[in-house]
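Examination of the molecular architecture
Residue-level listing of the chains:
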Amino acid sequence: MSDLIIPDLVTLDQDLGTTREQVIRHLAEQVAATGRATSFDGLFTDAMAREQKTATGVPGGIAIPHCRSAAVTQASLAMARLKPPVDWGAKDGPADIVFFIAAPEGADQEHLQLLAKLARSLIKKDFTSDLRNAATPQDVVELVDGALGLGPAPRTTPAPPTGSTDTGSGASSADHPGGASGAAAAGGAAAGATAAGVGAGAGSENPAGNVSGGGGTATAGDEPASASGSRPESLVAVTACPTGIAHTYMAADSLAAAAAERGIDLQVETQGSAGSTPLDPEVIKNASAVIFAVDVDVRDKGRFGGKPVVSGPVKRGIDEPGVMIDEALAAAKDPNSRKVSGGGGGGEERASSGGENFGGQLKRALLTGVSYMIPFVAGGGLLIALGFLLGGYELSLSDDAGVANGDNMLDGTGLFNLPPEGLVAYLGAVFWKIGNISLAFLVPALAGYIAYALADRPGIAPGFTAGAVAVFMDAGFLGGIAGGLLAGYVAMWVGRWKVPSWLRGLMPVVIIPLLASLIASGLLLLVLGGPIAALTLALNDWLSGLTGVAAVGLGVILGLMMGADLGGPINKVAYAFAVAGLSEGAFDNQAPWQIMAAVMAAGMVPPLGMALATVLDKSQFSMALRENGKAAWLLGAAFISEGAIPFAASDPLRVIPSTMLGGATAGAICMAAGVTSQAPHGGIFVFFAIGNILMFIVAILAGMVVSALVLVGLKRATSPKNTTEPIVA
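Each residue is numbered by its place in its chain's sequence as written, counting from 1. Thresholds applied to this predicted model are a pLDDT of at least 70 for local features of residues and 80 or more for the giving and counting of side-chain atom pairs; totals over whole chains, interfaces and linings are not thresholded and use all residues. Each side-chain value is worked out from all heavy atoms of the structure, with water and hydrogens disregarded.

Observations regarding the overall build of the protein chain
The secondary structure content of the protein chain amounts to 27 helices and 14 strands. Taken over 729 residues, the protein chain has a buried fraction of 55%. We call two residues in contact whenever any of their non-hydrogen atoms come within 4.5 Å of each other. Pairs at least 24 residues apart make up 74% of the contacts formed inside the protein chain by residues separated by at least 6 positions. Computed with a 1.4 Å probe, the accessible areas rest on the Shrake-Rupley method; for each residue, only the protein chains presented here act as cover. About 28,400 Å² of surface is accessible on the protein chain, with carbon and sulfur atoms providing 62% of the total. Per the convention used, a helix needs a DSSP run of H or I reaching at least four residues, while a strand needs a run of E reaching at least two, with both numbered from the N terminus. For every residue, the accessible area obtained with a 1.4 Å probe (protein chains only) is divided by the maximum for its type, and the residue is called buried under 20%, exposed over 50%, and partly exposed between those limits.

Here it is, written out as structure tokens:
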């Protein structure tokens, strides 16, 4: 018998509410009540955080909310059969069977494999039909144990005829043309497919944990291929989700079932928590195309270089496996289809997901560049600040020859040959110099990783080169953005050329970097660099000249943006603007440092304001949100705006206005007082990098109070008496 599920964790035919939150709350309470979790609030918060990433409803009236949580002490399954069903985001209707999978953060492989096997069983119509007909919680426990191979094989209820409405799948086969539904495909192929136990679905599971379907099994779908004597079409796929417990394996089996129905030889690599073994290189070599049904990066993507690719979220692999199979077959026959880049990083396949337009691609590339650039800025900025702390601001001042004092101090000196200023000043000069060298990579790194986001690894070298050209021409971060985009799009274009097989190996390492560097950097040097440098100079002059009302107005705008979506695109635009200009700051041009301080202060306000609000009026917040409020103090102090997301998710119409007003207050005060920050992140913990630290703290406290008072006021004015906010994490 399994210890994953016991009768006390089973609820049959009860009305648990009309929302996912209410059902998950009940199931999490069951897990905590049986002593399998140390904290209901922690488990519920983690479960809802996972649910908000991607809805966990799947075809067939099934939902599988799941999470890893530090609150869980024993891997557990809680099951509910709902009356009435609840909408869980599946295309074919609401869910009446809900399995809540609660895994400890350090769950062992044996338990993770059992949880994955259960997820696979849930696409089998016979198993779900038995669950719907179970009379007692003990019956459900026995069915689950049988499905996991830990007890007697589960009883099976004959599935309804094809074409009729199936209580096990929640939809008729006509609802999913071509067997697109994972459940429908599993039913259609199960008769002839070889299954590794109950949990293997329509495909067969090899010892590596990967799944195969179609060509390796004797299915009805194979007959046409066999009759003609030709070899079945071959595809490979990778499935992965953030948690790696349920969707990873359900998508694998749904794709295998759809492939089996079509007589396609499909091998699926499951990159999940239960372990993953890479596909055989020979299998990949022989495949006509690759399918990525993933919500996270594919490990070692370069193995699939040059293959036609279809990409989508892991949930699409469950909802529309047949459609993805058909798209992959079409891509294999289309010479102009998207290919996985030979460099193995992912620019091409992401573009083929079908849902990304030019604007989305551009935003993704810019944010990727900024995210890779930030470590250079963070490390460099903090080292410079430490250098000033030890050696004084005089390090950056220049002598009559134009050489910085810090450079003079380091010239010809060392630990055993210290300058007259002594060891402390010498170490300050060392930190200052390393920081400046790190910051010098800001623009090249920005350009290089913008190009990487568009063209994968072949874009990195052209991007870095274009960024270096932008630095040479004094075009600043605007030149870096332009150079990165040019390099990325040129590298992407060259990478799509049809070349002889003998030349393909040279494309990602020689041809693409050479041509993309020549074209992108050449355009910057000959055409675009001069105008962009002039624009950069004008922008710096404008920022340097901001005083009074204009500076305060900029602080208000940046503060509103930082509080608008708490780590979302608007927030990221304001932050990227501040970080990208940080390297232009100097003692005679402190405007970029002031902008950074305003952005950081405004970004600290939302979580701090929410934390204060839970103290001012506890009655307006649920227990879970009050617990989140305790954590928000530290998150806000560290400049992690996302600490306010649980509050915004539960009550956006009142929380977002309060965070925006609080952020605007902090940003305005910082700009008015001339507060500066040479560090792009860290909050109050980088106090040594903050100029006018007292007013920085005043700005944060003022914004926090405004945000808290506005939120409490709005709640009191608009909430019915004696009610609390719904708990949403």
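More follows now that the structure is in view.
Examining the packing of helix α13 (residues 358-391) against helix α15 (residues 423-439)
Pairs of packed helices are described in terms of their axes, by the angle between the two and the distance that separates them. Axis definition: a line fitted to C-alpha atoms, over the contacting stretch in the case of helices. Angles run 0 to 180 degrees between N-to-C directions. Put simply, α13 and α15 touch, their axes get as near as 7 Å, and they point 160 degrees apart. Between α13 and α15, the crossing angle belongs to the class labelled roughly antiparallel. The way α13 lies across α15 gives a crossing that is left-handed. Two secondary-structure elements touch here, α13 through Phe376, Val377, Gly379, Gly380, Gly381, Leu383, Ile384, Leu386, Gly387, Phe388, Leu390 and Gly391 and α15 through Val424, Ala425, Leu427, Gly428, Phe431, Trp432, Ile434, Gly435, Asn436, Ser438 and Leu439. Any angle between 65 and 115 degrees counts as roughly perpendicular, while under 35 counts as roughly parallel, over 145 as roughly antiparallel, and the rest as oblique. For any helix crossing, the convention is left-handed if the near helix is rotated counterclockwise from the far helix by under a right angle, and right-handed if that rotation is clockwise.

Details of a nonpolar patch on the surface
Patch membership requires over 30% relative accessible area and the absence of a salt bridge. Like charges are linked within 9 Å, and nonpolar side chains (Val, Leu, Ile, Met, Phe, Trp, Tyr) within 5 Å. What makes a salt bridge here is a side-chain nitrogen of Lys or Arg within 4 Å of a carboxyl oxygen of Asp or Glu, nothing more. A contiguous nonpolar patch, built from Phe472, Trp493, Trp497, Leu518, Ile519, Leu523, Leu525, Leu526, Val527 and Leu528 and spanning about 1,000 Å² of accessible area, is present on the exposed surface. With respect to the element layout, Leu518 can be found in helix α20 (residues 507-544).

Structural notes on the side chain of Ser677
With respect to the element layout, Ser677 can be found in strand β13 (residues 676-677). Ignoring anything within four residues of it in the chain, the contact list for Ser677 reads Leu582, Trp593, Met596, Ala597, Met600, Ala689 and Ile690.

Examining helix α16 (residues 442-455)
Note that an α-helix has 3.6 residues per turn; residues three or four places apart therefore point the same way. Expected helix span is taken as 1.5 Å per residue step, with the number of steps being one fewer than the number of residues. If you check α16, its first and last C-alpha atoms are 20 Å apart, about what 14 residues at 1.5 Å a residue would give, namely 20 Å. Most of α16 is tucked away, with 14 of its 14 residues classed as buried. In the segment just after α16, Asp456 is the residue with positive phi, at about 75 degrees.

Points about the pattern of salt bridges
Within this structure, the stated rule accounts for 15 salt bridges. One salt bridge connects Arg25 with Glu29, and the closest N-O pair in it is separated by 3.3 Å. Of this pair, Arg25 and Glu29 both sit in helix α1 (residues 20-33), four residues apart, which is roughly one turn of that helix. By relative accessible area, which is 26% here, Arg25 ends up partly exposed. Through salt bridges with shared partners, a single ionic network connects Glu261, Arg262 and Asp326.

Observations concerning the packing of aromatic side chains
Here the aromatic set is Phe, Tyr and Trp, taking the six-membered ring for Trp, and pairing holds for ring centres within 6.5 Å; pairs whose planes are under 30 degrees apart are stacked, those over 60 apart are edge-to-face, and all others are tilted. All told, the structure shown has 11 aromatic pairs when counted by the stated rule. Between Tyr372 and Tyr449 the ring centres are 4.2 Å apart and the planes differ by 10 degrees, which places this aromatic pair in the stacked class. Here Tyr372, found in helix α13, pairs with Tyr449, found in helix α16; they are 77 residues apart in sequence, far enough to count as distant. We classify Tyr372 as partly exposed; its relative accessible area is 37%. Linked through ring pairs, Tyr372, Tyr449, Tyr452 and Phe464 together constitute an aromatic cluster.

Re the nonpolar core
What we call a nonpolar core is a set of buried Ala, Val, Leu, Ile, Met, Phe, Trp, Tyr and Cys residues that are connected through their side-chain atoms within 4.5 Å. In this structure, Tyr575, Val599 and Phe696 are the most contacted members of the largest nonpolar core, which totals 90 residues. By residue number, the principal contributor to this core is helix α23 (residues 591-616), which donates 15 residues. With residues up to four places along the chain from it excluded, the contact list for Tyr575 reads Ile374, Met562, Met596, Val599, Phe639, Pro680 and His681. With 29 residues, the next largest nonpolar core counts Ile5, Met79, Ile101 and Leu131 among its residues.

Focus: the packing of helix α21 (residues 548-564) against α23
Two numbers describe how α21 lies on α23: the axes approach to 8 Å, and their chain directions differ by 40 degrees. The orientation of α21 relative to α23 falls into the category oblique. Crossing angle aside, the handedness with which α21 passes α23 is right-handed. Residue-level inspection shows Leu554, Leu558, Gly559, Met562 and Gly563 of α21 in contact with α23, the latter providing Ile595, Val599, Ala602, Gly603 and Pro606. For the contact of α21 with α23, the per-class residue count stands at seven nonpolar, three polar and no charged. Each residue gets one label: Ala, Val, Leu, Ile, Met, Phe, Trp, Tyr, Cys and Pro are nonpolar, Asp, Glu, Lys and Arg are charged, and the others, such as Gly, are polar.

Considerations on the environment of Leu515
Structurally, Leu515 can be placed in helix α20. Along the chain, Leu515 and Ala487 lie 28 residues apart, while their C-alpha atoms are 9.3 Å from each other. Excluding residues within four positions of it along the chain, Leu515 makes contact with Val490, Val494 and Trp497.

Quick notes on the environment of Leu395
Checked against the element boundaries, Leu395 lands in the loop between α13 and α14 (405-410). Overall, Leu395 belongs to the buried group, its relative accessible area being 1%. For the pair Leu395 and Ile384, spaced 11 residues apart in sequence, the C-alpha separation works out to 9.7 Å. In this structure, Leu395 is in contact with Gly387, Phe388, Ala404, Asn405, Gly406, Met409, Gly428, Ala429 and Trp432, ignoring residues within four places of it in sequence.

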